[in-house]
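Residue strings, one per chain:
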Amino acid sequence: MNNYLLYIDPGTGSMLFSLFIGISMALTFGVKYFISKFKFILTRGKISDNLDCASIPYVIFSDHKRYWNIFKPVCDEFEKREIDIVYFTASEDDPALNCSYKHVKTEFLGTGNKPFGRLNMLNADILIATTPNLDVYQWKRSKGVKCYVHIPHYVGDFSDYRMFGLDYYDAVLASGENQIKFIRKIEELRPSIKHKEVVLTGSICLDNLKKKVDSSNKIQNTKPVVLLAPSWGKSGILSRYGEKFLDELIKTGYQIIVRPHPQSYSAEKKLMESLELKYTSVEWNKDNDNFDVLTKADVLITDFSGIIFDYSLVFGKPVIYADTKFDTLPYDADWLDEKIWSLRAVEKIGVKLEEKDFGNLKQLIDGCMNNQTLENKRNEIINECWAEIGKGAENTVSWLIKKHSEI
């Protein structure tokens, strides 16, 4: 009985944390204000009472080390231009922490809610992040930050972000026209939110991946390698079909690599543990960088994961997508009266897999690897979602510098 009295559900916990942060922010800024005023009086006006006088010009926040593939080109570009920037991370083993930059200062903020405690009271001119749901959950807008900028970690149109994912950002650096169209559509549907600045800068993640592909050696496998890379949540392949699908996949006789979404290991921990324990004949890939496994695979099987576009558009390889009846309810997609862009796009560049096809997986995989129609459709999708190819990082930093001068 006593254990139940001590339990706090996640929603209540988030609310209490937000309340605590709100009170802390009010106290902090109140103290800063009175100290500043006191100094002003003592020095007869020689010290400014501007609370933002110590603002950091540029801050990057990474909630996980897996986003280093996006932030590294940005940090490299700032370093090349000899402009100082601060990089905060929530991963203790983030590769950024081991880089020897002169103009990029890196710092580990801690895990759990610790980073948000720092960010919610930050003084900065511009904060850049891939993290959605600013000002929705624990991460609150700080009064000391002038401009919040979102950089996409994929080329989908954001409709599969959790609801209100980008509502409270000031600016979004879009990869393609598909993202711009979605943002404007959501702003029409939710007129109470502020219209944000949207700039077409290109896709840093795909640019970075393309450079690596162009300079890497091609791999010739002795037998086909199939990569299963599902998303997480109840609509994902492993959650929806689990053992039934893995059993049929193994029967193909091909080499199988399973790379679950990193979030699965926290949100679906018991499921992952049970599947890994039972299916020891397949390779479970947990690499921070997915480049090696994407290079090795001959065909990708997924659901609505953003890895579809990395694999198909950059590597130019075939995709099989599972029909998992995507549940739009938790996502911004639920506001739309049409199928989300990612699902419409994958229908053009991939082969659909339904539950009734599980017994014919081998034939489906073989046919997919020799499908010329899929190859012809890739350029159509590239035109919608990947602008300014090769210029993503350069365009991003140029815009950030321009924005800072305006601020």
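Structural notes, computed from the coordinates. Keep in mind the model is a prediction, meaning the values are calculated, not measured. (Residues numbered from 1 in each chain as written. Predicted model: local features only at pLDDT ≥ 70, side-chain atom pairs only at ≥ 80, totals over all residues. Heavy atoms only, no water.)

Remarks on the pattern of salt bridges
Where we set the bar: By convention in these notes, a salt bridge is any Lys or Arg side-chain nitrogen within 4 Å of a carboxyl oxygen on Asp or Glu. Exposure is judged per residue with a 1.4 Å probe applied to protein chains only, and the accessible area is read against the type maximum: over 50% gives exposed, under 20% gives buried, and values in between give partly exposed.
According to the stated counting rule, one finds 29 salt bridges in the structure shown. Two residues, Arg 81 and Glu 77, come together in a salt bridge whose shortest N-O distance is 3.0 Å. Under the relative-accessibility criterion, Arg 81 is labelled partly exposed at 29%. A salt bridge links Lys 339 to Glu 347, with the nearest nitrogen and oxygen atoms 2.5 Å apart. Via salt bridges that share partners, Glu 197, Lys 402, Lys 403 and Glu 406 belong to a single interconnected network.

What about the nonpolar core?
Note the cut-off: Side-chain atoms within 4.5 Å are what join buried Ala, Val, Leu, Ile, Met, Phe, Trp, Tyr and Cys residues into a set we call a nonpolar core. Numbering goes from the N terminus for both helices and strands, where a helix is a DSSP run of H or I of at least four residues and a strand is a run of E of at least two. In this description, contact between two residues means that some pair of their heavy atoms is separated by no more than 4.5 Å.
The biggest cluster of nonpolar side chains holds 57 residues, and the ones touching the most others in it are Val 149 and Phe 309. A total of seven residues in this core trace back to one element, the largest contributor, which is helix H12 (residues 307-315). Not counting the four nearest positions on each side in its chain, Phe 309 is found in contact with Val 155, Leu 206, Val 314, Trp 341, Ser 342, Ala 345, Ile 349 and Ile 381. One finds Phe 61, Leu 127, Tyr 148 and Val 198 within the second-largest nonpolar core, a separate group that totals 30 residues.

Some points on the sheet that holds strand E9 (residues 255-258)
Put simply, the rule is: Here, strands pair whenever DSSP counts at least two bridges between them. Orientation is described by axes fitted as lines to C-alpha atoms, over the contacting stretch for helices, and by angles from 0 to 180 degrees between their N-to-C directions.
One open sheet accounts for six strands, arranged E10-E9-E8-E11-E12-E13; its pairing is parallel. Each edge of the sheet is formed by a strand with only one pairing partner; in this case those strands are strand E10 (283-284) and strand E13 (350-353). Pairing of strand E12 (residues 319-322) with E13 involves four bridges; the strand directions are parallel. Across the sheet, the residue bridging to Tyr 321 is Lys 352, located in E13. Seen against the sheet, H12 touches strand E11 (299-302) and E12 and runs at an angle of roughly 160° to E11. Helix H13 (residues 341-349) contacts E12 and E13 of the sheet and is inclined by roughly 105° relative to E13.

A look at helix H16 (residues 392-406)
Our working rule: Multiplying 1.5 Å by the residue count of a helix minus one yields the expected span of that helix. Think of the arc as the fan of directions from the helix axis to the C-beta atoms.
Over its 15 residues, H16 extends 21 Å from the first C-alpha to the last, a length consistent with the 21 Å expected when each residue adds 1.5 Å. By the burial criterion, the buried members of H16 are Gly 392, Ala 393, Thr 396, Val 397, Trp 399, Leu 400 and Lys 403. The arc that holds every buried residue of H16, seen down its axis, measures 160°, which confines them to one face.

Looking at the environment of Gln 372
Within the secondary structure, Gln 372 is located in helix H15 (residues 372-385). As for Gln 372 and Pro 318, which are separated by 54 residues in sequence, their C-alpha atoms are 9.7 Å apart.

Description of H12
With nine of nine residues buried, H12 lies mostly within the body of the structure. Inspection of H12 places Ile 307, Ile 308, Phe 309, Asp 310, Tyr 311, Ser 312, Leu 313, Val 314 and Phe 315 among the buried residues, and these make up the whole buried set. Elements that come into contact with the buried residues of H12 comprise helix H6 (204-215), helix H11 (291-296), E11, E12, H13 and H15. Residue Gly 316 follows H12 closely and has a positive phi angle near 70°.

Description of the packing of helix H3 (residues 68-80) against H16
For the record, the criterion: Oblique is the label for every angle not falling under 35 degrees (roughly parallel), over 145 degrees (roughly antiparallel), or within 65 to 115 degrees (roughly perpendicular). We call a crossing left-handed when the near helix sits turned anticlockwise from the far one by less than a right angle, and right-handed when that turn is clockwise. Each residue gets one of three labels, nonpolar for Ala, Val, Leu, Ile, Met, Phe, Trp, Tyr, Cys and Pro, charged for Asp, Glu, Lys and Arg, and polar for the others, Gly among them.
Closest axis-to-axis distance for the H3/H16 pair is 9 Å, and the angle between their directions is 60°. When the interaxial angle is binned, H3 and H16 end up oblique. Seen along the crossing, H3 lies across H16 with a hand that is right-handed. Two secondary-structure elements touch here, H3 through Pro 73, Val 74, Glu 77 and Phe 78 and H16 through Ala 393, Glu 394, Thr 396, Val 397 and Leu 400. Across the contact of H3 with H16, the residue classes break down as six nonpolar, one polar and two charged.

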